[in-house]
Amino acid sequence: MLSVVLFREGLVNFPRVFEGTLRRQNRFGRLRADSIFLVNHHIERVMVESGFADKNQTKVVGTPRMDYLVRRAYKVRKQLKETGTGEKEKRKILFLYFSPGKFQKGFSDDDGLWRPPGVPHALFLQVFGTILELGHDRSDVEILIKVKKDQPSIHYLTETFPDIGQTLKKQKNIKIKDDVDLHKEMETACGVVGLNSTAVLESGLFGRRVILPYFCEFRDSEWSERFGLKEDLSAFDVAEDQSDSRKMLERCLVDPVAPARQITKRLDLFNEWVSNLDGLATERCIAELNRLINRQTEKQSN
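A.B. asks: Quick question: what am I supposed to make of the layout of surface pockets here?
C.D. replies: With a probe scaled to a water molecule rolled over the atoms, the places where space remains empty come into view. Taken as a whole, the largest pocket spans an internal volume of roughly 1,200 Å³. Surrounding the largest pocket, 36 residues form its lining, Tyr 97, Phe 98, Lys 148, Asn 196 and Ser 197 being those nearest its centre. Of all elements in the fold, only helix 1 (15-27) and helix 8 (198-203) reach the threshold of two or more residues within the lining of the largest pocket. Looking at the lining of the largest pocket, the element that brings in the most residues is helix 8, giving three residues. Its residues assigned to classes, the lining of the largest pocket comprises 17 nonpolar, 10 polar and nine charged.

Dropping the structure here:
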(Lines give C-alpha, C1' and ligand atoms only; values in the text may rest on other atoms or scores of the structure.)
Protein backbone atom coordinates (compact mmCIF):
# COMPACT_ATOMS: atom_id res chain seq x y z
CA MET A 1 0.00 0.00 0.00
CA LEU A 2 1.27 3.44 -0.94
CA SER A 3 2.03 5.74 1.99
CA VAL A 4 2.88 9.43 1.89
CA VAL A 5 3.74 11.88 4.68
CA LEU A 6 2.89 15.58 4.45
CA PHE A 7 5.42 17.24 6.76
CA ARG A 8 4.48 20.36 8.68
CA GLU A 9 5.93 23.82 8.12
CA GLY A 10 9.06 24.90 9.93
CA LEU A 11 11.25 27.99 10.01
CA VAL A 12 14.79 26.71 10.53
CA ASN A 13 16.56 29.98 9.75
CA PHE A 14 19.20 30.07 12.48
CA PRO A 15 21.89 27.45 13.26
CA ARG A 16 20.55 26.16 16.59
CA VAL A 17 17.05 25.43 15.29
CA PHE A 18 18.40 23.79 12.12
CA GLU A 19 20.81 21.52 14.00
CA GLY A 20 18.28 20.79 16.74
CA THR A 21 15.62 19.80 14.21
CA LEU A 22 18.13 17.63 12.36
CA ARG A 23 19.05 15.72 15.52
CA ARG A 24 15.40 15.26 16.46
CA GLN A 25 14.67 13.72 13.06
CA ASN A 26 17.68 11.46 13.44
CA ARG A 27 16.23 10.08 16.69
CA PHE A 28 13.04 9.12 14.84
CA GLY A 29 14.98 6.58 12.83
CA ARG A 30 13.96 6.01 9.22
CA LEU A 31 10.93 7.19 7.29
CA ARG A 32 8.27 4.44 7.21
CA ALA A 33 6.60 5.74 4.09
CA ASP A 34 7.23 5.78 0.37
CA SER A 35 7.53 9.55 0.13
CA ILE A 36 7.49 12.72 2.20
CA PHE A 37 6.23 16.09 0.92
CA LEU A 38 8.11 19.12 2.23
CA VAL A 39 7.61 22.88 2.20
CA ASN A 40 11.12 24.05 1.26
CA HIS A 41 14.65 22.86 0.48
CA HIS A 42 15.94 23.71 3.97
CA ILE A 43 13.55 21.17 5.51
CA GLU A 44 14.57 18.73 2.79
CA ARG A 45 18.19 19.12 3.89
CA VAL A 46 17.14 18.30 7.46
CA MET A 47 15.42 15.11 6.34
CA VAL A 48 18.29 13.88 4.17
CA GLU A 49 21.23 14.94 6.34
CA SER A 50 19.61 13.45 9.44
CA GLY A 51 19.31 10.11 7.68
CA PHE A 52 15.54 10.17 8.16
CA ALA A 53 14.85 9.97 4.42
CA ASP A 54 16.71 9.41 1.17
CA LYS A 55 16.79 12.15 -1.43
CA ASN A 56 14.62 10.08 -3.78
CA GLN A 57 11.92 9.91 -1.08
CA THR A 58 11.60 13.67 -0.67
CA LYS A 59 9.54 16.08 -2.73
CA VAL A 60 9.52 19.84 -2.18
CA VAL A 61 6.03 21.05 -3.07
CA GLY A 62 5.62 24.26 -1.07
CA THR A 63 2.91 25.05 1.48
CA PRO A 64 -0.64 24.41 0.21
CA ARG A 65 -2.32 26.67 2.76
CA MET A 66 -0.28 29.60 1.42
CA ASP A 67 -1.63 29.37 -2.13
CA TYR A 68 -4.56 31.73 -1.54
CA LEU A 69 -2.36 34.12 0.44
CA VAL A 70 0.18 34.32 -2.38
CA ARG A 71 -2.47 35.03 -5.02
CA ARG A 72 -4.33 37.56 -2.87
CA ALA A 73 -1.16 39.38 -1.82
CA TYR A 74 -0.10 39.67 -5.46
CA LYS A 75 -3.34 41.52 -6.26
CA VAL A 76 -2.83 43.84 -3.27
CA ARG A 77 0.76 44.64 -4.29
CA LYS A 78 -0.38 45.31 -7.85
CA GLN A 79 -3.01 47.75 -6.60
CA LEU A 80 -0.51 49.48 -4.31
CA LYS A 81 1.86 49.92 -7.24
CA GLU A 82 -0.88 51.39 -9.43
CA THR A 83 -2.67 53.62 -6.91
CA GLY A 84 -0.34 53.95 -3.93
CA THR A 85 -3.03 52.76 -1.54
CA GLY A 86 -4.95 49.62 -0.67
CA GLU A 87 -8.62 49.03 -1.24
CA LYS A 88 -9.26 48.04 2.37
CA GLU A 89 -6.49 49.85 4.17
CA LYS A 90 -7.36 50.95 7.72
CA ARG A 91 -5.68 53.02 10.42
CA LYS A 92 -4.58 49.84 12.12
CA ILE A 93 -1.32 48.41 13.40
CA LEU A 94 -1.05 44.63 13.71
CA PHE A 95 1.29 43.22 16.37
CA LEU A 96 2.31 39.59 16.05
CA TYR A 97 2.59 38.63 19.70
CA PHE A 98 5.83 37.23 21.07
CA SER A 99 6.72 36.55 24.66
CA PRO A 100 9.95 36.72 26.66
CA GLY A 101 11.77 33.42 26.68
CA LYS A 102 11.30 30.97 29.52
CA PHE A 103 15.08 30.80 29.71
CA GLN A 104 16.77 34.19 29.93
CA LYS A 105 20.25 32.68 29.84
CA GLY A 106 21.73 30.31 27.30
CA PHE A 107 22.74 26.73 28.14
CA SER A 108 23.79 23.45 26.54
CA ASP A 109 20.92 21.01 26.09
CA ASP A 110 20.86 17.21 26.43
CA ASP A 111 22.34 16.86 22.93
CA GLY A 112 25.24 19.10 23.85
CA LEU A 113 23.95 21.87 21.60
CA TRP A 114 24.16 25.48 22.71
CA ARG A 115 20.66 26.85 23.25
CA PRO A 116 20.48 30.65 23.05
CA PRO A 117 18.05 32.29 25.47
CA GLY A 118 14.61 33.50 24.44
CA VAL A 119 13.48 37.08 23.85
CA PRO A 120 14.93 39.30 26.62
CA HIS A 121 12.31 40.45 29.09
CA ALA A 122 13.62 44.00 28.78
CA LEU A 123 12.93 43.97 25.04
CA PHE A 124 9.43 42.61 25.64
CA LEU A 125 8.79 45.39 28.16
CA GLN A 126 9.97 48.13 25.81
CA VAL A 127 8.13 46.87 22.72
CA PHE A 128 4.76 46.34 24.35
CA GLY A 129 5.15 49.45 26.46
CA THR A 130 5.41 51.39 23.19
CA ILE A 131 2.37 49.58 21.79
CA LEU A 132 0.19 50.46 24.76
CA GLU A 133 1.48 54.02 24.78
CA LEU A 134 0.57 54.44 21.11
CA GLY A 135 -2.91 53.08 21.78
CA HIS A 136 -3.35 55.54 24.63
CA ASP A 137 -2.12 58.55 22.67
CA ARG A 138 -3.85 57.69 19.39
CA SER A 139 -7.44 56.62 20.06
CA ASP A 140 -8.09 56.99 16.31
CA VAL A 141 -5.79 54.04 15.58
CA GLU A 142 -6.77 50.40 16.06
CA ILE A 143 -4.10 48.37 17.82
CA LEU A 144 -4.54 44.63 17.29
CA ILE A 145 -2.32 42.27 19.25
CA LYS A 146 -2.69 38.87 17.62
CA VAL A 147 -1.93 35.90 19.87
CA LYS A 148 -2.12 32.23 18.99
CA LYS A 149 -5.08 30.21 20.22
CA ASP A 150 -4.62 28.92 23.76
CA GLN A 151 -1.21 30.59 23.95
CA PRO A 152 -0.17 30.25 27.62
CA SER A 153 2.60 32.82 27.21
CA ILE A 154 0.01 35.62 27.11
CA HIS A 155 0.33 35.65 30.91
CA TYR A 156 3.64 37.49 30.48
CA LEU A 157 1.66 40.48 29.21
CA THR A 158 -0.61 40.59 32.25
CA GLU A 159 2.30 40.04 34.63
CA THR A 160 4.44 42.74 33.03
CA PHE A 161 1.54 45.21 32.73
CA PRO A 162 -0.75 44.48 35.73
CA ASP A 163 -3.18 47.23 34.73
CA ILE A 164 -3.70 45.99 31.19
CA GLY A 165 -7.21 44.77 31.98
CA GLN A 166 -8.26 48.29 32.92
CA THR A 167 -6.38 49.68 29.93
CA LEU A 168 -8.35 47.48 27.54
CA LYS A 169 -11.63 48.61 29.11
CA LYS A 170 -10.74 52.28 28.74
CA GLN A 171 -8.95 52.09 25.39
CA LYS A 172 -11.44 50.37 23.09
CA ASN A 173 -9.01 50.77 20.21
CA ILE A 174 -6.56 48.29 21.79
CA LYS A 175 -7.57 44.67 21.22
CA ILE A 176 -5.98 41.32 22.04
CA LYS A 177 -7.46 38.51 19.94
CA ASP A 178 -6.72 34.94 18.93
CA ASP A 179 -9.72 34.28 16.68
CA VAL A 180 -9.14 36.65 13.76
CA ASP A 181 -8.37 35.88 10.13
CA LEU A 182 -4.67 36.69 10.32
CA HIS A 183 -4.11 37.06 6.60
CA LYS A 184 -7.06 39.43 6.30
CA GLU A 185 -5.68 41.51 9.16
CA MET A 186 -2.30 41.63 7.42
CA GLU A 187 -3.98 42.80 4.24
CA THR A 188 -5.88 45.65 5.87
CA ALA A 189 -3.24 46.92 8.32
CA CYS A 190 -1.09 50.00 7.74
CA GLY A 191 1.83 48.21 9.32
CA VAL A 192 2.87 45.00 11.05
CA VAL A 193 5.26 44.47 13.96
CA GLY A 194 6.92 41.16 14.76
CA LEU A 195 10.19 39.32 15.32
CA ASN A 196 11.53 36.10 13.82
CA SER A 197 8.48 34.15 12.61
CA THR A 198 6.81 32.75 9.53
CA ALA A 199 3.97 35.22 10.11
CA VAL A 200 6.41 38.12 9.65
CA LEU A 201 7.41 36.71 6.27
CA GLU A 202 3.76 36.20 5.35
CA SER A 203 2.87 39.78 6.26
CA GLY A 204 5.69 41.04 4.07
CA LEU A 205 3.86 39.88 0.94
CA PHE A 206 1.25 42.63 1.14
CA GLY A 207 3.64 45.47 0.43
CA ARG A 208 3.02 47.38 3.64
CA ARG A 209 5.59 48.38 6.21
CA VAL A 210 6.85 45.63 8.50
CA ILE A 211 8.72 46.73 11.61
CA LEU A 212 11.24 44.53 13.42
CA PRO A 213 11.97 45.80 16.96
CA TYR A 214 15.53 44.47 16.80
CA PHE A 215 16.85 47.11 19.17
CA CYS A 216 20.57 47.94 19.14
CA GLU A 217 21.16 47.16 22.81
CA PHE A 218 20.15 43.52 22.23
CA ARG A 219 21.98 42.86 18.95
CA ASP A 220 25.12 41.59 20.68
CA SER A 221 23.22 39.56 23.26
CA GLU A 222 23.05 35.77 23.36
CA TRP A 223 19.41 36.03 22.26
CA SER A 224 20.46 37.54 18.92
CA GLU A 225 21.86 34.11 17.98
CA ARG A 226 18.21 33.05 17.82
CA PHE A 227 17.23 35.92 15.52
CA GLY A 228 17.25 34.38 12.05
CA LEU A 229 16.67 37.55 10.03
CA LYS A 230 19.94 39.29 10.94
CA GLU A 231 21.26 39.00 7.40
CA ASP A 232 17.98 40.23 5.91
CA LEU A 233 17.33 43.45 7.81
CA SER A 234 17.24 45.47 4.58
CA ALA A 235 13.86 43.89 3.81
CA PHE A 236 12.21 45.55 6.81
CA ASP A 237 11.97 48.72 8.88
CA VAL A 238 14.30 47.91 11.78
CA ALA A 239 13.84 49.98 14.93
CA GLU A 240 17.03 50.85 16.79
CA ASP A 241 15.37 51.60 20.12
CA GLN A 242 12.04 52.33 21.78
CA SER A 243 11.91 55.91 20.51
CA ASP A 244 12.71 54.84 16.96
CA SER A 245 9.99 52.20 17.19
CA ARG A 246 7.39 54.83 18.05
CA LYS A 247 8.48 56.99 15.11
CA MET A 248 8.19 54.04 12.74
CA LEU A 249 4.72 53.23 14.02
CA GLU A 250 3.61 56.80 13.41
CA ARG A 251 5.10 56.69 9.92
CA CYS A 252 3.06 53.58 9.08
CA LEU A 253 -0.10 55.62 9.53
CA VAL A 254 0.85 58.27 6.97
CA ASP A 255 3.15 56.28 4.67
CA PRO A 256 2.11 52.62 4.82
CA VAL A 257 3.62 51.42 1.54
CA ALA A 258 7.05 49.79 1.82
CA PRO A 259 9.85 50.73 -0.60
CA ALA A 260 10.07 48.55 -3.72
CA ARG A 261 13.55 47.27 -2.77
CA GLN A 262 12.18 45.95 0.54
CA ILE A 263 9.27 44.21 -1.15
CA THR A 264 11.56 42.50 -3.65
CA LYS A 265 13.74 41.17 -0.83
CA ARG A 266 10.71 39.97 1.14
CA LEU A 267 9.42 38.01 -1.84
CA ASP A 268 12.77 36.22 -2.04
CA LEU A 269 12.62 35.41 1.68
CA PHE A 270 9.09 34.05 1.45
CA ASN A 271 10.01 31.94 -1.56
CA GLU A 272 13.03 30.54 0.28
CA TRP A 273 11.53 29.84 3.71
CA VAL A 274 7.75 29.57 3.37
CA SER A 275 6.38 28.61 -0.03
CA ASN A 276 6.64 29.18 -3.77
CA LEU A 277 5.38 32.46 -5.13
CA ASP A 278 3.44 30.80 -7.95
CA GLY A 279 0.63 29.77 -5.57
CA LEU A 280 0.61 26.24 -6.98
CA ALA A 281 1.66 24.16 -3.98
CA THR A 282 -1.69 22.36 -3.85
CA GLU A 283 -1.47 21.48 -7.54
CA ARG A 284 2.06 20.14 -7.05
CA CYS A 285 0.87 17.95 -4.17
CA ILE A 286 -1.93 16.51 -6.27
CA ALA A 287 0.31 15.99 -9.30
CA GLU A 288 2.95 14.20 -7.23
CA LEU A 289 0.33 12.03 -5.52
CA ASN A 290 -1.07 11.05 -8.90
CA ARG A 291 2.43 10.21 -10.14
CA LEU A 292 3.10 8.00 -7.13
CA ILE A 293 -0.29 6.29 -7.46
CA ASN A 294 0.28 5.61 -11.16
CA ARG A 295 3.73 4.21 -10.44
CA GLN A 296 2.30 1.97 -7.73
CA THR A 297 -0.45 0.77 -10.06
CA GLU A 298 2.09 -0.07 -12.77
CA LYS A 299 4.17 -2.08 -10.31
CA GLN A 300 1.16 -4.07 -9.16
CA SER A 301 0.08 -4.84 -12.72
CA ASN A 302 3.52 -6.14 -13.75
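That was the structure; now back to the text.
A.B. asks: What should I look at first to understand the sheet that holds strand 3 (residues 58-60) in this one?
C.D. replies: What holds strands together in a sheet is hydrogen bonding between their backbones, with the strands either parallel or antiparallel. The three strands are arranged 1-2-3 in an open sheet whose pairing can be described as parallel. Each edge of the open sheet is held by one strand with a lone partner, namely strand 1 (4-6) and strand 3. On average, each strand axis in the sheet is tilted by 20° relative to the strand beside it, whichever way the strands run. Relative to strand 3, helix 2 (residues 41-49) is tilted by about 170°, and along the sheet it contacts strand 2 (35-38) and strand 3. In the packing of helix 11 (residues 281-301) onto the sheet, the strands contacted are strand 1, strand 2 and strand 3, and the crossing angle to strand 2 comes to about 170°.

So, how was this worked out
Residues numbered from 1 in each chain as written. Predicted model: local features only at pLDDT ≥ 70, side-chain atom pairs only at ≥ 80, totals over all residues. Heavy atoms only, no water. 1 Å grid on protein atoms, 1.4 Å probe; cavity = no way out; pocket = protein on both sides within 12 Å on 5 of 7 lines; lining within 4 Å. Points joined across faces, edges and corners; volume = space filled by probe spheres on them. Helix = DSSP H or I, 4+ residues; strand = E, 2+ residues; numbered from the N terminus. Nonpolar A, V, L, I, M, F, W, Y, C, P; charged D, E, K, R; others polar. Pairing = 2+ DSSP bridges. Axes fitted to C-alpha atoms, helices over the stretch in contact; angles between N-to-C directions. Contact = heavy atoms within 4.5 Å.

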